[in-house]
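Residue-level listing of the chains:
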Amino acid sequence: MDLNYFKDKLFDLLNDSDGLKLADLNADEQNNLFTVKTEDGDVFEILFRQVEPNEI
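None of the values given here were measured: they were computed from a predicted structure.

Calculation notes
Residues numbered from 1 in each chain as written. Predicted model: local features only at pLDDT ≥ 70, side-chain atom pairs only at ≥ 80, totals over all residues. Heavy atoms only, no water. Phe/Tyr/Trp six-rings, centres within 6.5 Å; stacked < 30°, edge-to-face > 60°. Helix = DSSP H or I, 4+ residues; strand = E, 2+ residues; numbered from the N terminus. Buried < 20%, exposed > 50% of the residue type's maximum accessible area, 1.4 Å probe, protein only. Pairing = 2+ DSSP bridges.

Enquirer: Can you help me understand the packing of aromatic side chains in this one?
Expert: Aromatic rings in a pair are described by how distant their centres are and how their planes are angled relative to each other. Throughout the structure, instances matching the rule amount to three aromatic pairs. Ring geometry for Phe-6 against Phe-48: centres 6.1 Å apart, planes inclined by 70 degrees, an arrangement best described as edge-to-face. Here Phe-6 is found in helix H1 (residues 3-16), whereas its partner Phe-48 is found in the segment after strand E3 (43-47), with 42 residues between them in sequence. Classification of Phe-6 by relative accessible area gives partly exposed; the value is 39%. Taking relative accessible area as the criterion, Phe-48 reaches 7% and is therefore assigned buried. Plain terms: the ring middles of Phe-11 and Phe-34 are 5.7 Å apart, the flat faces sit at 75 degrees to each other, and that makes the pair edge-to-face. Taken together, the positions of Phe-11 in helix H1 and Phe-34 in strand E2 (residues 33-38) put the pair 23 residues apart, joining distant regions of the chain. Phe-11 sits in the partly exposed class, given a relative accessible area of 24%. Among the aromatic residues, those joined into a cluster by ring pairs are Phe-6, Phe-11, Phe-34 and Phe-48.

Enquirer: Sorry if this is basic, but what is going on with the pairing of E2 here?
Expert: Looking along a regular strand, one sees the side chains alternate between the two faces of the sheet. In this structure, strand E1 (residues 22-28) lies alongside E2, joined through six bridges in antiparallel fashion. Among the inter-strand pairings, Asp-24 is bridged to a residue of E2, identified as Lys-37. Count of turn residues in the E1/E2 antiparallel hairpin: four residues, of which Asn-32 carries a positive phi of about 50 degrees. Taking the residues that link successive antiparallel strands as the turn, the E2-E3 hairpin has four residues, and the phi of Gly-41 there is positive, at about 100 degrees.

Set out below in structure tokens:
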């Protein structure tokens, strides 16, 4: 699985989730970054990078 496929699938999961109560979901493709705002005002960033199995 490549990084872009993984990001696309995770975006879809987050975007379609009713249980997370998200106010906004922004994808910055150039920087491999998602910014997630919840309905209660919290903001989270998800930074993506693909690593080799021996790096973890």
